[in-house]
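Residue-level structure breakdown
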Amino acid sequence: MSYNTNEIQRIEEKWQKFWDEKKIFKSEMDAAKEKYYVLEMFPYPSGKIHMGHVRNYTIADVIARFRMMQGYNVLHPMGYDAFGQPAENAAIKRGVDPAEWTYGCIDEMTHELKRMGFSYDWDRGLSTCDAEYYKWNQWIFLKMYEKGLAYKKESPVNWCPSCDTTLANEEVINGACWRCKSEVKQKDLSQWYLKITDYSERLLEDLDTLKHWPERVVTMQKNWIGKSFGVEIFFKVKDSNEVIKVFTTRPDTIFGATYVVLAPEHPLVDKFTTSANKAAVEAFKKQVAALSKSERVSGTDASSESRHDAPLAGASGVFTGGYAINPVNNEIIPIWLADYVLMEYGTGAIMAVPTHDQRDFEFANKHQLPMRIVIQDPARPDLKVEQMDAAYVEEGKLVNSAQFNGINNVEAMRAIGEWMEKTNIGKTTIHWRLRDWLISRQRYWGTPIPMIYCDCCGVVPVPEKDLPVALPEKIKITGQGGSPLAYCQDFVNVKCPKCGKPARRETDTMATFFDSSWYYLRYCSAQDTSQVFDKKGAKYWMAVDQYIGGIEHAILHLLYSRFFTKFFKDIGLVSVDEPFVRLLTQGMVLKDGEVMSKSRGNTVDPDTIIVKYGADPLRVCILFAAPPEDQLEWSDGAVDGSWKFLNRLDRLVEDKFKGVKVNYTIKDLSGAAEELERERHATIKKVTSDLETYKFNTGVSAMMILINAIEKFAPKDEIEQAVFDQTLRSFVLLLAPYAPHLCEELWQKMGGTEASIIKAKWPQYDESALKRSVVEVVVQINGKLRSKIDVPIEFTSDQVRDLAMQNEIVHKWVEGKPIRKFIYVPEKLINIVI
RNA sequence: GGGCGGAUGGCGAAAUUGGUAGACGCGCUAGUCUUAGGAACUAGUGGGGCGACUCAUGGAGGUUCAAGUCCUCUUCCGCCCACCA
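Definitions and cut-offs
- Residues numbered from 1 in each chain as written.
- Chains lettered and ligands numbered in written order.
- Predicted model: local features only at pLDDT ≥ 70, side-chain atom pairs only at ≥ 80, totals over all residues.
- Heavy atoms only, no water.
- Helix = DSSP H or I, 4+ residues; strand = E, 2+ residues; numbered from the N terminus.
- Buried < 20%, exposed > 50% of the residue type's maximum accessible area, 1.4 Å probe, protein only.
- Areas by Shrake-Rupley, 256 points an atom, 1.4 Å probe, with all protein chains shown as cover.
- Axes fitted to C-alpha atoms, helices over the stretch in contact; angles between N-to-C directions.
- Parallel < 35°, antiparallel > 145°, perpendicular 65-115°, else oblique.
- Contact = heavy atoms within 4.5 Å.
- Nonpolar A, V, L, I, M, F, W, Y, C, P; charged D, E, K, R; others polar.
- Pairing = 2+ DSSP bridges.
- Core = buried A, V, L, I, M, F, W, Y, C linked by side-chain atoms within 4.5 Å.
- Salt bridge = Lys/Arg side-chain N within 4 Å of Asp/Glu carboxyl O.
- Expected span 1.5 Å × (residues − 1).
- Arc of directions from axis to C-beta.
- Disulfide = S-S within 2.5 Å.
- Phe/Tyr/Trp six-rings, centres within 6.5 Å; stacked < 30°, edge-to-face > 60°.

Things to note about the overall build of chain A
Scanning chain A from terminus to terminus reveals 26 helices and 32 strands. Counting only C-alpha atoms and orienting by the principal axes, one finds that chain A spans roughly 105 × 90 × 50 Å. A total of 834 residues make up chain A; the buried ones form 54% of that total. Summed over all atoms, the accessible surface of chain A reaches about 37400 Å², with 50% contributed by carbon and sulfur.

The structure is reproduced here in structure tokens:
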């Protein structure tokens, strides 16, 4: 029987059925065994899986199966992030029911995942659109509300005109909707927020405990949280009682402040705008207000300088006519407005130090504002304002700064901050970039926010016993005019739980990031309908030992999940601080150098590969082609290679495996058999460590090297046949996480007694079997490779030197020249310097 | 503009972390054989040279007995973030 398409289909179907029926991957708590929780970021059920899924889940599956074979109690669940816009868009476009559409996709996707042979415990499967799941979304929301972490706020929000809904700050990419790319506008709405900012400090601090996260993800989160130490400095307004609070991270430059700039929306602007400047200021405010955030942000972006549609491009501003007093030297300085100062950050007002801040420098040049140098480069301490063509932003010594002259500016930051606090002209503060999380969505296909508005009692939370607030079925979705639930009278009208009078339900639904912020906890007890998740289950399984997913979730999803975990810890439901111990971010799958995507039309359907080659060759190919974190350039030809590799193994077992078992050690062997036995041990070592460090590609290549050796080996007697057979047994075990179907089949053929190869013991190697008595040592002359010699490992440096000198080629090179240096790296290399 | 990664044959990539550059695979070339298949097997495959040799890890310097790996400068590419004060 050869490893052809029919046979592959037969084998793969056979074992998939077997795993399913025998529930081989069912996981149960067992205090006696060490647990290992492997999790991939659950998919949005779009129906078909794509190569990105295949890569993500294959990586996870290899890890899961490897840990199973090592004897860990592995939890490896799968579910669906099923709420969201595509289902609703399908409903709008084609009139289908979002629920029906979604469940259809889930069925299709489940079928495809099973065809890949992934080792999921399907009994723990979940879909976030099940009432049984989103009920607990609502429960969590109520808990947060109870703790003051969920609140409603009227505020300008990002509005996507195309999706007809609001977006979180995090969902706005360069001023455009992250999903549909249309430009985002501002709009005032009353929205539900989660107070993630209460957790800023912990979210930041605990990043340091995530030793097994990619450095760059940690950095990205740090930047996103954006803690900055600074000083709020109080500038009195001249001829007025008003005080402008300015936030700066550079108090060391305060003596160089030559003007103050406010955001146009700043509430104090009218207080000091002079009548002569009023018209210009009003016109400017209007102009800025008309800009969307993206236009405003791109104004001074160097890359967009050539834009013709941005009339305000290039740090535009206007003089108010008012003046402020610099508290450190009582200087009278003008107050300006500028579009580049944002009301949302800091205090909405800045002090401008054009000599030491590039933006201020450009603004001052454009509007002819004064400058003064307060930091000098100690190496060239004679910089003059007239010579500057850019701000000086390096370190240096303070000048023109009264009692602080001569101090290094970095040291001065603290000294000046402390001095200001003492003299009451400022106070040191901490500012965060992180904003509260807007979760309201004017959408149908999501979790209804469980709140009720009563004319008598105000905002009333839905009592726990009334959960879930079910999403009404079969309603008409047009995609127009905000929340679809608002048009569903049966849903909206409700009796107030407090006073019993007619009241109205909240008609917004939750952002789907809410759903995905805690699903990993739900898996710990997915069948439990009585509570959000079982504390004991969470205690046993959490944290996730290995989480795998795309880098695109480096900030949002991971930050929200960390926030939820900390919240659950605070209300006593979990004992861990962080949800994910290890994080692996897999690289993208490319085709012809571009990201594989539907919009580019360069996708390869995994299904066609499975039909043509089978799931095992696809798995091996995708793991062999590149390290998991790197981009992967897809090529059909590479699957051919993996297929050949598996085919060769199949033939070897079929034709040459005899099932001979003889007890032997490497000492009983010699020649080719000894060599093969050594390679067997070396390969076990290599593949095991590669699996532990996620170098799946070199793991495969190690196995390819071994199969080359096995093919060359011709057993001469029974003990050599035993070596041959033993090597094949080890081989099949090592390959099992990569190509599980074929390995199950071969393991059975080889007489494996376990129900599944997954229950077989992971092969062990013997370090002493790896040692050779004679090693090849490279001989370099002046660092250039000239010869190689065989050296017995017990030889001393002097003995090796003598041996090297006897070598003919070495002799030829060295003859008649004095040896300056002799370097010997044991068992590796000799370098003779002449 | 900021941050983080990259750059090695025709292609995907290895390189024990400073020690034989190109493992392994794809592709290609030549050959063998057959039950003509998606074959399989054998040999070869970075450039130059008949050769001994020599030149090669984006580019230019440097440190070292020894550099793909460390340092300085530089070019290009990818990703993430961005008037964040």
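There is more to say, and it comes next.
Quick word on the packing of helix α2 (residues 51–69) against helix α19 (residues 615–624)
At a minimum axis separation of 10 Å, α2 and α19 run at an interaxial angle of 95°. Considering the angle they form, α2 stands roughly perpendicular to α19. Touching M51, V54, R55, T58, I59, D61, V62 and R65 of α2 are L618, R619, I622 and L623, all from α19. Counted by class, the contact of α2 with α19 contains seven nonpolar, one polar and four charged residues.

Some remarks on the packing of helix α1 (residues 5–22) against helix α24 (residues 740–749)
Helix-helix packing is described using two parameters, namely the angle between the two axes and the distance between the axes. Two elements in contact, α1 and α24, have axes whose closest approach is 9 Å; the angle formed by their N-to-C orientations is 85°. One way to sum up the angle between α1 and α24 is to call them roughly perpendicular. Contacts between α1 and α24 involve R10, I11, E12, K14, W15, Q16 and W19 from the former and P740, H741, L742, E744, E745 and Q748 from the latter.

Some points on the sheet that holds strand β27 (residues 594–595)
Within a sheet, adjacent strands bond to each other through the backbone by hydrogen bonds, running parallel or antiparallel. In spatial order, the strands read β27-β26-β28; together these three strands make up an open sheet with mixed pairing. Single-partner strands in this sheet number two, and they are β27 and β28 (632–633). Where strand β26 (residues 589–591) meets β28, two bridges bridge the pair, whose relative direction is parallel. When the bridges of β28 are listed, L590 appears paired with E633.

A closer look at the nonpolar core
As a rule of thumb, nonpolar side chains are buried together in soluble globular proteins. Ranked by internal contacts, the top residues of the largest apolar core, which has 188 residues, are F564 and W634. Counting residues per element, this core draws most heavily on α2, at 11 residues. Aside from chain neighbours lying at most four places away, what touches W634 is M51, V589, L590, K591, M596, V604, I609, L618, C621, I622 and V639. One finds I244, V246, I335 and I416 within the second-largest nonpolar core, a separate group that totals 51 residues.

Some remarks on the pairing of strand β8 (residues 228–237)
Each regular strand carries side chains that alternate between the two faces of the sheet. Counting buried positions over the 10 residues of β8 gives seven, a clear majority of the element. As paired elements, β8 and strand β16 (residues 426–431) share six bridges and run antiparallel to each other. From the neighbouring strand, G230 faces β16, where its bridge partner is T429. As judged from the six bridges shared by β8 and strand β9 (residues 243–248), these two strands associate in the antiparallel manner. Paired with F234 across the bridge in β9 is K245. Here β8 folds back onto β9 in antiparallel fashion, the turn holding five residues, of which D239 has a positive phi close to 60°. Alignment of β8 against strand β11 (residues 317–326), held across two bridges, turns out to be antiparallel. Directly across from V237, in β11, lies its bridge partner A324.

Overview of the pattern of salt bridges
Scanning the entire structure with this criterion turns up 41 salt bridges. Note that E578 is salt-bridged to R562, the shortest N-O span being 2.8 Å. Taken together, the residues E578 in the loop between α17 (556–570) and β25 (580–586) and R562 in helix α17 connect sequence positions 16 residues apart. Classification of E578 as buried rests on a relative accessible area of 10%. Of the charged contacts, one joins K569 and D577 as a salt bridge, the two residues approaching to 3.2 Å between their closest N and O atoms. Residue class for K569 comes out partly exposed when judged on its relative accessible area of 31%. Here the salt bridges do not stand alone but share partners, grouping E7, R10, K14 and E745 into one network.

Digging into the environment of I425
On the secondary structure map, I425 appears in the loop between α12 (409–422) and β16. Along the sequence, I425 and F513 sit 88 residues apart, while their C-alpha atoms lie 43 Å from each other. Setting aside chain neighbours within four positions, we find I425 in contact with E232, I233, F234, P327, V328, W419 and M420.

So, the sheet that holds strand β22 (residues 502–505)
If you trace the four strands from one edge of the open sheet to the other, you get β20-β19-β22-β21, paired in antiparallel fashion. Two strands close off the open sheet at either side, each with one partner strand: β20 (458–461) and β21 (493–495). The average undirected angle you get between the axes of adjacent strands in this sheet is 40°. Pairing geometry for strand β19 (residues 451–454) and β20, over four bridges, is antiparallel. Note that in β20 the partner of Y453 across the bridge is V459.

Quick look at helix α4 (residues 98–115)
Its 18 residues place the ends of α4 26 Å apart at the C-alpha level, agreeing with the 26 Å of an ideal helix rising 1.5 Å per residue. Among the residues of α4, those classed as buried are P98, W101, T102, C105, I106, M109, T110, E112 and L113. Angular distribution of buried residues about the axis of α4 spans 165°; they occupy a single face of the element. In this structure, α4 carries E100, D107 and H111 as exposed residues pointing more than 90 degrees from its buried face. Two residues or fewer past α4, G117 is found with a positive phi of approximately 75°.

Notes on the state of the cysteines
In the structure shown here, the tally under the stated rule is zero disulfides. Note on C105: no disulfide assigned, nearest cysteine sulfur contributed by C129 at a separation of 10 Å. Residue C456 stays outside any disulfide, its sulfur separated by 4.6 Å from that of C454, the closest cysteine.

Quick look at unusual backbone geometry
Look at the link from L467 to P468: it is a cis peptide, with omega at 0°. Note that P468 resides in the loop between β20 and α13 (489–492). Geometrically, the link from M542 to A543 is a cis peptide bond, its omega value of 0° lying close to zero. Along the polypeptide, A543 turns up in the loop between α16 (535–541) and β24 (544–550). With a phi close to 60°, Y694 is a non-glycine residue in the positive phi region. Residue position: Y694 is located in the loop between α21 (671–692) and α22 (696–712). Non-glycine residue N782 carries a positive phi angle of around 50°. Structurally, N782 can be placed in the loop between β29 (774–781) and β30 (784–792).

Quick word on the environment of G783
Within the secondary structure, G783 is located in the loop between β29 and β30. A residue is classified by how much of its surface remains accessible, and G783, at 39% relative accessible area, is partly exposed. C-alpha separation for the pair G783 and I830, spaced 47 residues apart in sequence, amounts to 9.1 Å.

Comments concerning the packing of aromatic side chains
Evaluated as defined, the whole model comprises 40 aromatic pairs. When the ring of F319 is compared with that of Y323, the centres are 5.6 Å apart and the planes differ by 70°; the resulting orientation is edge-to-face. On the basis of relative accessible area, F319 is assigned to the partly exposed category, the value being 21%. Judged by centre distance (5.3 Å) and plane angle (90°), the rings of F533 and F568 are edge-to-face. Residue F533 is located in the loop between α15 (519–522) and α16, and its partner F568 is located in helix α17; the two are separated by 35 residues in the primary sequence. In this pair, the class of F533 matches that of F568, namely buried.

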